[in-house]
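# An overview of the molecular structure
Letter by letter, the chains look like this.
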Amino acid sequence: MSAQVKLGTEPSAVTRWIILGVVGVIFAIPIIALLQFSFRDGLGGGYTLDHWAGLFDADAARTYRGLFQAIGNSVLLAIVTVAIVLVILLPTMILVHLQFPRLKRVLEFICIIPITVPAIVLVVGLAPVYSVVVKIFGSGVWTLAFAYGITVLPYAYRAIQSNLDAVPVVTLSEAARSLGAGWLTVLRLVLLPNLRRGVLAAAFISVAVVLGEFTIASLLNRVNLQTALLQVGQSDPWVAAIFALLALTFAFVLLLLIGRLARNRNNS
Amino acid sequence: MVKYLGLTPFAAYVILFLAIPTVLAVTTGFFTEDGAFTLDNIAGLFAPNVLATFGASFWVSAVTAVIGAVVGALVCYALLGTKAEGTLRTVIDSLSSVLAQFGGVMLAFAFIATIGNQGLITVFLRGIGIDIFAESYWLYQLPGLLPVYIYFQVPLMIITFMPALQGLKTTWAEANATLGGTPFTYWTRIAIPVLAPSFIGSLLLLFANAFSSYATAAALISQGAQIVPLQIRSALVSETVLGRENMAGSLALGMIVVMVVVMWGYSVLQNRTSRWQR
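Residues numbered from 1 in each chain as written. Chains lettered and ligands numbered in written order. Predicted model: local features only at pLDDT ≥ 70, side-chain atom pairs only at ≥ 80, totals over all residues.

## Some remarks on the interface of chain A and chain B
Using the following cut-off: Residue pairs are scored as contacts if the distance between their C-beta atoms, which are placed from the backbone, is within 7 Å. Residues are grouped as follows: nonpolar covers Ala, Val, Leu, Ile, Met, Phe, Trp, Tyr, Cys and Pro; charged covers Asp, Glu, Lys and Arg; every other residue, Gly included, is treated as polar.
If you look at the interface, chain A gives 66 residues, while chain B gives 70 residues. A class-by-class count of the residues in the side of chain A that touches chain B yields 46 nonpolar, 17 polar and 3 charged.

In structure tokens, the structure reads:
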């Protein structure tokens, strides 16, 4: 450590903690303000626990029916989106990795496109597509997951791909095949256990993306957590603040778990 | 042919929900509501108020990208020498991901609670005699986007730039020291030139990120079309902007042209960097 400090490549402990401290404090302020706001008693100066307590009230289910409904919608969307990742993206990535290595670059390119075509652009073209989708699948909110499957593509792809690259998938599946295992057995007993971490990380990050999604839902006039938060924020900003805090915390925990998964992989 | 059968579900899905919407988004601008070809909407892109909106988007994206990149790079530098798998880095990584990618509407709330009319900081500053809204109430206007955007740009910089800093090899510093170099020459002659493409690449990514961001702006600014994404909103909601139909399509086209150019630059620079990151 001390030898490296002399090389001048790393900051000294003082420099490090000054930078991290200043940036950390500045970045903590809005979150603290949000928390403080959730305890405010109206526009006066006082504090109250009423806004938090109200959530556990007997009447809460009725008062916040719209919001709870929206949370239900977002959870449903998260589940269907993860299902799309598992049923459509994952098998394709494994297949390309094993059978069509030349298509790897093509697949990567496709999966990165949603970064260049942002949601606000995609939604312009999604509007006519959804007028057809509604005719086929009805107007259930879950159909929005078709669009979210595209939104999460870059994140889910990266999570699964880094796992695929770290495990000798080809060797493993050839070994299993030469011992007489069928493709389904290979997938179930050899590949999926080895890809568990990448798949889990992809699922978590997809959930986080879906819970935070606003653009597409809002402009296609569907109700999800974020559009409902904005709605509630106009009449009851305290409850909106509480749910924003809870959602941010939940996303943070999900991502912390992903970090854990990655760390365990490197250690094993 | 049969062996490609396994690829059809993904191909069909991507065609239906990525390719078709993208093509529709960028081509509807060329047609009237009745389906007749027109260049009217494209010409509409050059109307003074639309150009002004693109200008405002450029300005907001550029300012927040530069500030975000500089502050983010500083944080990355501060993190050099900490264990990549340690608690500090894991927590900062996760926090950065949340703030950079999933905040949207919720960050707008946080800033209303911070520098809104009754916000924590506003009230505090008012207490010591400073009124941040003395000139105008700017939080719900264009300048109000700057602090919120910086709040998600810095974390994005941390996520994208950290791998590049991490890729600096100790051997380079040793070589520098062996040849009589100082820490100063190490940074000016080796590290900064090596990091430059990656830094500029990340800067472009940040620009693209701000340019295409919608949720935060929509939550803060409920009326009007100060930046391009908000102009797309009003075009979609009211169907006629500047008295033109399908204007959303040509705005989407204008936006995607900018995005493709910026992201192309990003990928070129990223390829240059990945050579020595392995």
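## Comments concerning the nonpolar core
Applied cut-off: Remark: nonpolar core denotes a set of buried Ala, Val, Leu, Ile, Met, Phe, Trp, Tyr and Cys residues whose joining runs through C-beta atoms within 7 Å. The exposure scheme places C-beta atoms from the backbone and then counts, for each residue, the other C-beta atoms within 10 Å of its own, assigning buried at 20 or more, exposed at 12 or fewer, and partly exposed in between. Strands are runs of DSSP state E lasting at least 2 residues, helices are runs of H or I lasting at least 4, and numbering of each runs from the N terminus.
Within the largest apolar cluster, 164 residues are counted, with the highest numbers of intra-cluster contacts made by Ala156, Ile160, Ile205, Ala208 and Ala244 of chain A together with Phe109 and Ala252 of chain B. In terms of residues, this core owes the most to one element, helix H15 (residues 237-267) of chain A, which gives 14 residues. Leave out the neighbours within four places in its chain, and Ala208 of chain A touches Ala251, Leu254 and Leu255 of chain A together with Phe102 of chain B.

## Focus: the packing of helix H9 (residues 153-166) of chain A against helix H12 (residues 196-212) of chain A
Residues and elements named next belong to chain A. The condition that has to hold: A fitted line through C-alpha atoms serves as each axis, taken over the contacting stretch for helices, and the angle formed by two N-to-C directions is quoted from 0 to 180°. Any angle from 65 to 115 degrees is called roughly perpendicular, while one under 35 is roughly parallel, one over 145 is roughly antiparallel, and all others are oblique. Definitions for this section: a left-handed crossing has its near helix turned counterclockwise from the far helix by less than a right angle. A right-handed crossing has that turn clockwise.
Look at H9 against H12: their axes get within 8 Å of each other, and the N-to-C directions meet at 170°. With respect to their mutual orientation, H9 and H12 come out roughly antiparallel. As H9 runs across H12, the sense of the crossing is right-handed. Residues Tyr155, Ala156, Ala159, Ile160, Ser162, Asn163 and Leu164 of H9 form the contact with H12, whose own contacting residues are Arg197, Gly198, Val199, Ala201, Ala202, Ile205, Ser206 and Val209. Per-class residue counts for the contact of H9 with H12 are 10 nonpolar, 4 polar and 1 charged.

## Let's talk about H9 of chain A
Residues and elements named next belong to chain A. Applied cut-off: Expected helix span is computed as 1.5 Å times (number of residues minus one).
Between its first and last C-alpha, H9 extends 20 Å over 14 residues, near the 20 Å set by a 1.5 Å rise per residue. Listing the buried residues of H9 in full gives Leu153, Tyr155, Ala156, Tyr157, Ala159, Ile160, Asn163 and Leu164. Structurally, H9 contributes buried residues whose contacts are with helix H5 (65-99), helix H6 (104-116), helix H8 (144-151), helix H10 (169-178) and H12.

## A short note on the packing of helix H5 (residues 105-115) of chain B against helix H6 (residues 120-127) of chain B
Residues and elements named next belong to chain B. Interhelical geometry of H5 versus H6 gives an angle of 15° and a closest axis separation of 3 Å. One finds that H5 runs roughly parallel with respect to H6. Seen from H5, the contacting residues are Ala113, Thr114 and Ile115; seen from H6, they are Leu120, Ile121 and Thr122.

## Overview of the confidence of the model for chain B
The following threshold applies: Per residue, pLDDT captures the predictor's confidence, and it can take any value from 0 to 100.
When pLDDT is averaged along chain B, the result is 89, and 95% of the positions lie at 70 or above. Listed scores for the predicted complex are pTM 0.90 and ipTM 0.88.

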